[in-house]
Amino acid sequence: MPGGRLTQQERQQIALGLADGLAYAEIARRLDRPTSTITREVMRNGGPVSYRADLAHRATERRAHRRKQAAPRASAGTPAQSHGRDPEAVREYEELFTTVFMGQGLPKMTARVLTCLYTTDEGSVTASELVQRLQVSPASVSKAIAFLESQGLVRRERGEGRRERYTVDDDVMYQSAVAAARSTAHLGEVARQGVGILGPDTPAAHRLENIARFLDFVSESISRAVEQARDILYTKPEPTSERTEKP
């Protein structure tokens, strides 16, 4: 499997694959690349609809140039990796995680902040730590945190002194899933209100009623699944050695 950065020819093949409606996995197979590489490439360069090989290649060259210029500054403020982690592998994984969040609709900065929280051993950081790690402005961090709080994805806590800490933990994930179920149920309620307004025997009303019934089912299913799976969040994983020894 080839390594290194994607070439301009490979990017042209990606663009052709997207135009043909191929899945990321199929494009990756044809290029003998990991699917994650293709996913990250497309999502960071406009998405499947707006991806252009020439623009993507130039954007990658500019990012590489900026990274090279910023390396001395970043190395001074970047904490050493613990637990023997490979810094390059960690960076690549963080980029992939961020790309997935962006694919789910999060703005890029919000996705970067959430990735930082999820991949921090403590699961908790201050605004100044986020600014330092992400090399962004305090205003950018504040805006991202405000959005994540509104979605129930992070919790704000009082730390030492007057500093606030932003936290993701097991309970935050549970509450976020509950909030998603409620939001889905609310959308169903709004859809059903349109049935009476548009007339119960009209095509539009039939469509809205079916949407409402669908969302009711999805919301109830999510709620049941969340409660059934809640204990998983509070279960400590077995040590790796114990898992590998089991037949």
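Details of the structure are given in the entry above.
Residues numbered from 1 in each chain as written. Predicted model: local features only at pLDDT ≥ 70, side-chain atom pairs only at ≥ 80, totals over all residues. Heavy atoms only, no water.

Along the backbone of the protein chain there are twelve helices and three strands. Per-residue burial over the protein chain gives 30% buried out of 247 residues. Total accessible area computed for the protein chain in this model is approximately 15900 Å², and 55% of it derives from carbon and sulfur atoms. (Helix = DSSP H or I, 4+ residues; strand = E, 2+ residues; numbered from the N terminus. Buried < 20%, exposed > 50% of the residue type's maximum accessible area, 1.4 Å probe, protein only. Areas by Shrake-Rupley, 256 points an atom, 1.4 Å probe, with all protein chains shown as cover.)

Here the focus is the sheet that holds strand S1 (residues 124-126). Ordered in space as S1-S3-S2, the three strands form an open sheet in which the pairing is antiparallel. With one partner strand each, in any of the chains shown, S1 and strand S2 (155-158) form the two edges of the open sheet. The average angle at which neighbouring strand axes cross in this sheet is 35°, direction not considered. As paired strands, S2 and strand S3 (residues 164-167) are joined by four bridges and run antiparallel to one another. Looking at S3, one finds that Arg156 is bridged to Tyr166. Seen against the sheet, helix H8 (residues 127-134) touches S1 and S3 and runs at an angle of roughly 90° to S1. (Pairing = 2+ DSSP bridges. Axes fitted to C-alpha atoms, helices over the stretch in contact; angles between N-to-C directions. Contact = heavy atoms within 4.5 Å.)

Before going further, it helps to examine the pairing of S3. Both S1 and S3 contribute to a ladder of three bridges, which runs antiparallel. Following the sheet pairing, Thr126 is matched in S3 by Arg165.

A few words now on the packing of helix H2 (residues 24-31) against helix H3 (residues 35-43). Remark: H2 packs on H3, axes separated minimally by 8 Å, with the N-to-C direction vectors making an angle of 115°. As for how H2 packs across H3, the hand of that crossing is right-handed. On H3, the residues touching Tyr24, Ala25, Ile27, Ala28 and Leu31 of H2 are Thr35, Ile38, Thr39, Val42 and Met43. Partitioned by chemical class, the residues of the contact of H2 with H3 number eight nonpolar, two polar and no charged. (Left-handed = near helix turned anticlockwise from the far one by under 90°. Nonpolar A, V, L, I, M, F, W, Y, C, P; charged D, E, K, R; others polar.)

Moving on: the pattern of salt bridges. Evaluation of the coordinates by the stated rule reveals 18 salt bridges. The partner of Asp54 in a salt bridge is Arg52, and the shortest N-O contact between them spans 3.0 Å. Asp54 gets classed as partly exposed once you look at its relative accessible area, which sits at 28%. Residue class for Arg52 comes out partly exposed when judged on its relative accessible area of 45%. Two residues, Arg155 and Glu157, come together in a salt bridge whose shortest N-O distance is 2.9 Å. Residue Glu157 is classed as partly exposed on the basis of its relative accessible area of 31%. Through salt bridges with shared partners, one network takes in Arg40, Arg44, Glu88, Arg91, Glu92 and Glu95. (Salt bridge = Lys/Arg side-chain N within 4 Å of Asp/Glu carboxyl O.)

In this structure, Val113, Leu114, Leu117, Leu130, Ile145, Leu148 and Val154 are the most contacted members of the largest nonpolar core, which totals 19 residues. Residue assignment for this core shows that the elements contributing at least two residues are helix H7 (108-118), H8 and helix H9 (138-150). Not counting the four nearest positions on each side in its chain, Leu114 is found in contact with Phe101, Leu106, Leu148, Leu153, Val154 and Val168. Listed in part, the ten residues of the second largest apolar core include Leu18, Ala28, Ile38 and Tyr51. (Core = buried A, V, L, I, M, F, W, Y, C linked by side-chain atoms within 4.5 Å.)

What follows deals with unusual backbone geometry. Positioned with a positive phi, Asp32 is a non-glycine residue whose angle comes to about 60°. Among the secondary structure elements, Asp32 is positioned in the loop between H2 and H3. Its identity is not glycine, yet Gln135 carries a phi of approximately 55°, on the positive side. Residue Gln135 is classed as partly exposed on the basis of its relative accessible area of 37%.

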